[in-house]
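Okay, here's what each chain looks like letter by letter:
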Amino acid sequence: MAIREVREIGDDILTKQCKKVTKMTFRTKMLITDMLETMYEKNGVGLAAPQVGVLKQIVVIDVGEGPIILINPEITETSGEQTGEEGCLSVPGKWGIVTRPDHVKVRALNQDMVPFEVEGEGLLARAFCHEIDHLHGELYVNKTQDGLHDVSYEPEEETEE
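Just so we're clear, the structure is a prediction, and the values are computed from it rather than from any experiment.

S.K.: Just to check I follow, could you spell out the pattern of salt bridges for this structure?
M.R.: Pairing of side chains with opposite charge becomes possible as their charged atoms draw close. Evaluated as defined, the whole model comprises ten salt bridges. Between arginine 100 and aspartate 133 there is a salt bridge, with the nearest N and O atoms lying 2.8 Å from each other. With a gap of 33 residues between them, arginine 100 in strand S5 (residues 94–100) and aspartate 133 in helix H2 (residues 123–134) connect regions that are remote in the sequence. Since its relative accessible area comes to 6%, arginine 100 is described here as buried. The shortest N-O distance in the salt bridge between aspartate 133 and lysine 143 comes to 3.4 Å. Here aspartate 133, found in helix H2, pairs with lysine 143, found in the loop between H2 and strand S8 (149–150); they are ten residues apart in sequence, far enough to count as distant.

What follows is the structure, given as structure tokens:
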């Protein structure tokens, strides 16, 4: 078990397509363990394998309800819409406003390579979309509505006159 280096925006690996996982190996199990440990250490809610330099279709997510491990995930259904703040461990110190589906259904394999489906709403739906985008070389920065902001930036509140 080890904390891995999180690759940051500008690193070419973050723009590449990931390969499907065809069998569970000891090294892949260690990668998943390391990814979870790294995500928790960095206070993230999700982490995709390319963010730690591995071009495999593996995602780990925990929005406070326990870890979800997705191997070869595929979004099969979406509905609704939510717009909100989004950040990324690979884009430290920044955030942006992104619109995502409010409800997402995902088909994937678990750590035992057994197919399953999982659904999420709100933050979990956002995390599914964000992390699965990483597997296709996409970063949220290309989806922001008003560009990136520094973490210390707080938009002015609108007042009624």
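S.K.: For this particular structure, what's the right way to read the side chain of histidine 103?
M.R.: Inspection of the secondary structure assignment puts histidine 103 in strand S6 (residues 103–109). A distance of 2.8 Å separates a polar atom in the side chain of histidine 103 from a polar atom in the side chain of glutamate 119. A polar contact of 3.3 Å, which involves the side chain of histidine 103, links it to the side chain of glutamate 121. When residues no more than four places from it in sequence are discounted, the contact partners of histidine 103 are Glu77, Thr78, Ser79, Glu119, Gly120, Glu121 and Ala125.

S.K.: Even after reading the chapter, I still don't get the sheet that holds strand S7 (residues 115–121), so can you show me in this structure?
M.R.: Sheet strands line up and pair through hydrogen bonds in the backbone, either parallel or antiparallel. With antiparallel pairing, the five strands of this open sheet are ordered in space as S1-S2-S3-S6-S7. Each having just a single partner strand, strand S1 (46–48) and S7 make up the two edges of the open sheet. On average, adjacent strands in this sheet sit at an angle of 40° to one another, irrespective of strand direction. Note: S1 against strand S2 (residues 58–61), three bridges, orientation antiparallel. Bridge pairing in S2 links alanine 48 to valine 59. The strands touched by H2 within the sheet are S1, S2, strand S3 (68–79), S6 and S7, with S7 carrying the most contacts at an inclination of about 125°.

S.K.: Would you take a moment to explain the nonpolar core for this structure?
M.R.: Across soluble globular proteins, you tend to see nonpolar side chains buried next to one another. Among the nonpolar cores identified, the biggest contains 17 residues, and Val59, Ile61, Ile68, Leu70, Val104, Val106 and Phe128 are the most heavily contacted of them. Counting only elements with at least two residues in this core, the list comes to S2, S3, S6 and H2. The dominant element in this core, judged by the number of residues it contributes, is H2, at six residues.

S.K.: How should the side chain of glutamine 82 be read in this particular structure?
M.R.: Considering the arrangement of structural elements, one finds glutamine 82 in strand S4 (residues 82–86). Note on glutamine 82: relative accessible area 14%, which makes it buried. A polar atom in the side chain of glutamine 82 sits 3.0 Å from the backbone oxygen of proline 101. Among the polar contacts made by the side chain of glutamine 82, one reaches the side chain of arginine 126 at a distance of 3.4 Å. With sequence-adjacent residues up to four places away left out, glutamine 82 is seen in contact with Val98, Thr99, Arg100, Pro101, Asp102, Gly122, Ala125 and Arg126.

S.K.: Explain the environment of glycine 93 to me, please; I cannot follow it from the model alone.
M.R.: Here glycine 93 lies in the loop between S4 and S5. In sequence terms glycine 93 and valine 151 are 58 residues apart; their C-alpha atoms lie 5.1 Å from each other.

S.K.: Help me understand unusual backbone geometry in this model?
M.R.: Most peptide bonds take the trans form, and the phi angle of most residues other than glycine is negative. Residues other than glycine seldom take positive phi values, yet asparagine 43 does so here, at roughly 60°. Mapped onto the elements, asparagine 43 comes out in the loop between helix H1 (26–41) and S1. A positive phi angle is found at asparagine 72, which is not glycine, with a value near 55°. Within the secondary structure layout, asparagine 72 lies in strand S3.

Rules of the game
The written sequence of each chain sets the order in which its residues are numbered from 1. Local features are withheld for residues below a pLDDT of 70 in this predicted model, meaning they are given only at 70 or higher, and side-chain atom pairs are given and counted only at 80 or more; totals for whole chains, interfaces and linings count all residues. As a rule here, side-chain values cover all heavy atoms of the structure and leave hydrogens and water aside. Criterion for a salt bridge: a side-chain nitrogen of Lys or Arg within 4 Å of a carboxyl oxygen of Asp or Glu. Strands are runs of DSSP state E lasting at least two residues, helices are runs of H or I lasting at least four, and both sets are numbered from the N terminus onward. Buried means the residue's accessible area, taken with a 1.4 Å probe over protein chains only, is under 20% of the maximum for its type, while exposed means over 50%, and partly exposed covers the values in between. Side-chain atoms alone can form a polar contact between residues adjacent in sequence; in general such a contact is a pair of N or O atoms within 3.5 Å, and within protein one must be able to donate a hydrogen while the other accepts it. When checking whether two residues touch, look at their non-hydrogen atoms; a contact exists if any pair is within 4.5 Å. When DSSP finds two or more bridges between two strands, those strands count as paired. Lines fitted to the C-alpha atoms define the axes, with helices restricted to the stretch that makes contact. Angles between their N-to-C directions range from 0 to 180 degrees. Only buried Ala, Val, Leu, Ile, Met, Phe, Trp, Tyr and Cys residues count toward a nonpolar core, and they belong to the same one when joined by side-chain atoms within 4.5 Å.

Note that all results are geometric; they support no functional claim without further evidence.
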